[in-house]
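Commentary on secondary and tertiary structure
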Amino acid sequence: MAANIMQSVQNGVDTLAGAVGIQGSKKQQDMARDTKDYMDKNNRLTTDYGVKQSNTDQWLRVVNENRTGPALLEDAAGREKIHRFDHERIPERVVHARGAGAFGTFTLHESAEDVTNAGILTDTSRSTPLFVRFSTVLGSRGSADTVRDVRGFAIKMYTEEGNWDLVGNDIPVFFVQDAIKFTDVIHAGKPEPHNEVPQAQTAHNNFWDFQYLHTEATHMFMWAQSDRGIPRSYRMMQGFGVNTFTLTNAKGELHYVKFHWTPELGVHSFVWDEALKLAGQDPDYHRKDLEEAITNGAYPKWKFGIQTIAEADLDKFEFDPLDATKLWPEEDFPVRYIGTMELNRVVDEYFPQTEQVAFCTSHVVPGIGFSDDPLLQGRNFSYFDTQLSRLGINWQELPINRPVCPFMNNNRDGQGRHTITKGTVNYWPNRFEATKPATVAEGAYYDYPMKVEGMKQRLLSKKFSEHFNQAQLFYNSLSDHEKWHTVKALAFELDHCDDEVVYNRMCERLADIDLELAQKVAELVGAPIPQKAGRPNHGKKAKNLSQMDFLPETPTIATRRVAIIIADGFDATAYYGVKAALAAAGALPFTIAPKRSPIKSSEGKEVKPDHNLEGQRSTMFDSIFVPGGAQSVETLRKNGRALHWVREAFGHLKAIGATGEAVSFIKDACALPAMTFSESGDVVESYGVVTASQTTPQSFKEKISMAADAKDFVDAYTFQISQHKNWKREMDGLADMVAY
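As the structure is a prediction and not an experimental result, all values here were calculated from the model.

1. Considering the state of the cysteines
- Counted according to the given criterion, the structure contains 0 disulfides.
- Between C360, a free cysteine, and C405, which holds the nearest cysteine sulfur, the sulfur-to-sulfur gap is 15 Å.
- Overall, the relative accessible area of 0% leaves C360 in the buried class.

2. What to know about empty space enclosed by the protein
- By the definition in use, this model includes 7 cavities of 30 Å³ or more.
- Looking at the largest cavity, its volume works out to about 540 Å³.
- Lining the largest cavity are 30 residues; nearest its centre among them are V95, H96, V167, R379 and Y383.
- Of all elements in the fold, only α3 (76-86), β4 (127-136), β5 (151-159), β6 (162-169) and α10 (374-391) reach the threshold of two or more residues within the lining of the largest cavity.
- Among the elements that take part in the lining of the largest cavity, α10 stands out by supplying 8 residues, more than any other.
- For the lining of the largest cavity, the residue count by class is 16 nonpolar, 9 polar and 5 charged.

3. What to know about the environment of L636
- Its place among the elements puts L636 in helix α16 (residues 630-637).
- In this structure L636 comes out as buried when scored by relative accessible area, which is 0%.
- Linking L636 and E65, residues 571 residues apart in sequence, is a C-alpha distance of 71 Å.
- What L636 contacts, discounting residues up to four positions off in sequence, is I565, I566, A567, P594, V626, A642 and F665.

4. Brief notes about a nonpolar patch on the surface
- A surface patch of nonpolar side chains, about 430 Å² in accessible area, is lined by Y38, M39 and L45.
- Here Y38 lies in the loop between α2 (22-32) and β1 (61-63).

5. Regarding the pairing of strand β14 (residues 561-565)
- Most of β14 sits inside the fold, with 5 of its 5 residues counted as buried.
- Along β14, one buried face is formed by R561, A563 and I565 and the opposite face, lined by V562 and I564, is buried too.
- Regarding topology, helix α15 (residues 572-584) serves as the crossover connection from β14 to the parallel strand β15 (residues 588-593), and that connection is right-handed.
- When β14 meets strand β19 (residues 623-626), the two strands line up parallel, connected through 3 bridges. Paired with V562 across the bridge in β19 is S623.

6. Section: unusual backbone geometry
- Here the amide bond leading from V197 into P198 is cis, since omega sits at 0 degrees, within 30 degrees of zero.
- Take P198: it is sitting in the loop between α4 (182-189) and α5 (205-213).
- Put simply, W428 and P429 share a cis peptide bond, and its omega is 0 degrees.
- Position of P429 relative to the elements: it lies in the loop between α10 and β13 (455-457).
- One non-glycine residue, H96, lies in positive phi territory at about 60 degrees.
- Structurally, H96 can be placed in the loop between α3 and β3 (99-108).
- By relative accessible area, H96 is classed as buried at 16%.
- Phi at A200 is positive, roughly 55 degrees, even though this residue is not glycine.

7. What about the packing of aromatic side chains?
- A complete count under the given rule lists 33 aromatic pairs for this structure.
- With centroids separated by 5.6 Å and ring planes inclined at 65 degrees, the aromatic side chains of F590 and F621 adopt a geometry described as edge-to-face. Of this pair, F590 sits in strand β15 while F621 sits in the loop between β18 (611-612) and β19, placing them 31 residues apart in sequence.
- The class for F590 is buried, based on a relative accessible area of 14%.
- With centroids separated by 6.0 Å and ring planes inclined at 40 degrees, the aromatic side chains of F625 and Y717 adopt a geometry described as tilted.

8. Notes on the packing of α3 against α4
- In contact at an axis separation of 9 Å, α3 and α4 are set at 40 degrees when each is read in the N-to-C sense. The angle between α3 and α4 falls in the class oblique. Contact residues: K81, I82 and F85 in α3; F182, T183, D184, I186 and H187 in α4.
- Tallied by class, residues from the contact of α3 with α4 come to 4 nonpolar, 2 polar and 2 charged.

9. Quick notes on the sheet that holds strand β20 (residues 655-659)
- Within the open sheet, the 7 strands sit side by side as β18-β15-β14-β19-β20-β22-β21. Their pairing is mixed. Bordering the open sheet on either side are β18 and β21 (683-686), each of which pairs with just one other strand.
- Each of β14, β19, β20, β21 and β22 (689-692) touches helix α19 (residues 713-722); the most contacted strand, β20, lies at about 160 degrees to it.

10. Focus on the layout of surface pockets
- When its volume is computed, the second largest pocket comes out at roughly 1300 Å³.
- Lining the second largest pocket we find 40 residues, and of these P403, P406, F407, M408 and N409 sit closest to its centre.
- Among the residues forming the lining of the second largest pocket, the class breakdown is 17 nonpolar, 14 polar and 9 charged.

Analysis parameters
Numbers given to residues run from 1 along each chain, matching the order in which its sequence is written. The predicted origin of the model limits local features to residues at a pLDDT of at least 70 and limits the giving and counting of side-chain atom pairs to 80 or more, whereas totals for whole chains, interfaces and linings rest on all residues. Just so you know, side-chain values use all the structure's heavy atoms and leave hydrogens and water out. Disulfides are defined in this document as cysteine sulfur pairs within 2.5 Å. A simple rule labels every residue: compare its accessible area, found with a 1.4 Å probe on the protein chains alone, to the largest value its type can have, and call it buried under 20%, exposed over 50%, or partly exposed in between. The method works on a 1 Å grid over the protein atoms by themselves. A cavity is a set of points holding a 1.4 Å probe that cannot get out, a pocket is an open set with protein on both sides within 12 Å along at least five of seven lines, and residues with an atom within 4 Å of a point line them. Grid points are joined across faces, edges and corners, and a volume is the space filled by probe spheres set on the points. By definition, any uninterrupted DSSP run of H or I lasting at least four residues is a helix, any uninterrupted run of E lasting at least two residues is a strand, and each is numbered from the N terminus. Amino acid classes used here: Ala, Val, Leu, Ile, Met, Phe, Trp, Tyr, Cys and Pro are nonpolar; Asp, Glu, Lys and Arg are charged; the rest, including Gly, are polar. When checking whether two residues touch, look at their non-hydrogen atoms; a contact exists if any pair is within 4.5 Å. Within the patch definition used here, like charges are joined within 9 Å and nonpolar side chains (Val, Leu, Ile, Met, Phe, Trp, Tyr) within 5 Å, considering only residues with over 30% relative accessible area and no salt bridge. In these tables, accessible area is a Shrake-Rupley quantity obtained with a 1.4 Å probe, and a residue counts as shielded only by the protein chains included in the view. We define a salt bridge as a contact between a side-chain nitrogen of Lys or Arg and a carboxyl oxygen of Asp or Glu at a distance within 4 Å. A clockwise course of the path from the first strand over the helix to the second, judged with the strands pointing away from the viewer, identifies a crossover as right-handed. Being paired, for any two strands, means DSSP has found at least two bridges between them. Aromatic pairing here means that ring centres of Phe, Tyr or Trp (its six-membered ring) are within 6.5 Å. Orientation follows from the plane angle: under 30 degrees is stacked, over 60 is edge-to-face, and everything else is tilted. Axes here refer to lines fitted to C-alpha atoms; in helices the fit is confined to the stretch in contact. Angles between the N-to-C directions go from 0 to 180 degrees. Each angle receives one of four descriptions, namely roughly parallel if under 35 degrees, roughly antiparallel if over 145, roughly perpendicular if within 65 to 115, and oblique otherwise.

Written out as structure tokens, the structure reads:
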């Protein structure tokens, strides 16, 4: 159908060109010289210099049946494929174009000298400055923050031994095993080439066509379609190094390592309707959220951890630890937390800092090295290469990229050269013995002498061929509401695919993960409903895969944005009491009213709201509170936008609080049979909605004790905020009963 429409459009264009005469015809002829038909079935893949290629899925490398070795630089076709891809955009990043950054520090609490001699991981007296850039992957620089996507989590640490760039994501695995396929997965995810649609989305034919045909992507797309794909905040998402690196200690012993960042605030996400609306209402939500927290002194913090495997143990597992589409289950490989990252300063100017910062996975310091992870091997080439298009050959001289330790070499000249180097020679060896190579004792980088054996082939070792066990493990480990969100996410994505082949195939693929999952999605998208699992689900689970495993150790509402909705005649006692309690607990209260002009309480006190009801939406806040006051509530009851605020917050599973006359307002907005509300002096909590019909000045206190069974209004309400969302409200079907 779609193909027929496109052909009709093209025929119309051809007819029009003929009608306008010679100019249209000549232009078509002129353009025809540079036009090629990718869909011609006689085509075969070639290099840019015309040589046909039999395999563009694996890099040329040293490999045998049991071990995957290093990639070879002599693979001209592989280098050309990534080289051309790296230079496709000028000057915007090809991927991770939209980002936000901040400065901070890394502090080590426990030395890891048993596995590495890297100063940053062994010297607990240091405070290492760093810069972090968070980003989406697929969208352009002008796209929205809250789209469903993987998030970049890249850190440049300015250590005493040089820069260490840990360039990762908020998801621990990736779509492809071999870097040579990175071009294809990104091309498939980017806007389709014929019409540049859609922007910053994977909900289209090409992306899911690739996911089906490239089975190694199965594990990753399950993570991306889970709640991990729509984080509430950069400050509330994990970070992972993704690839397998190596650590070498003072004894010359090698360990393989995975790096982890875990946020102190817990791991939290939006619900999908919330993320969709925010993309239009406040497309800069995440970058503003990061700046707001730091500016308010609520510095985001992450625990830094490592997973390690001794060199001799690498081949002892059913999967290959060098496979970037696999994680290392924490039951077998515990995360050892040894440090903390804190972000404590916003950027001074976006372009020279956040935009011009450039990361390279190949930038490591002594004591840290590279495994034969085939994705990492290609990234080490690609990241360095891609900076040339954006920033020029001297990109490392830019202030944000420059190391803080002394640096000197024989690199000279080139566009944008800033350094002035005095001396009469610029080479080594020289007759003056000037700027000689360092020894290992002086801190020179040490390359671990790793044995390599195998045949020169375009292959991966046999353990790389299993693609479904961990996809099942991830799905099995999710909570019930996370599983339901994954169903709905997949249904949304595949509903946007208009090619039946694509969504029918993908429902078949989901049956390789879980039959019930496949059946639910197939019913929603109109595909044939699978009756048999493609492969049995092994039923295994693992810890710390569900976001529910990462709730804060103690309940907190720090940095939570709370909207207090008032109108003329509001109850000042409840307003000021709750606002003070929220602020004392580190939350960020905002006053919202029908107008931004001063609002008078029932006692005549004036308050200037932060925003009006039309200028903001409930999506921009974690919770709403409505104090009583007969006149205020009567005004809000007649305001459709105020009712919408309450119903939307309810539908998005947020904590809602109300006192006095406002209880009836909330009850009318969320009038459902299963809900209960306060009718006396008792505090009632029902599906995250906390109400108290009768309050006194003593009902509001700044010192709070958050608890699930709290009898005090402030304690009960703040506890519900600390839970992020009331998932029971969704799972019992209440959220679907309210129009928002």
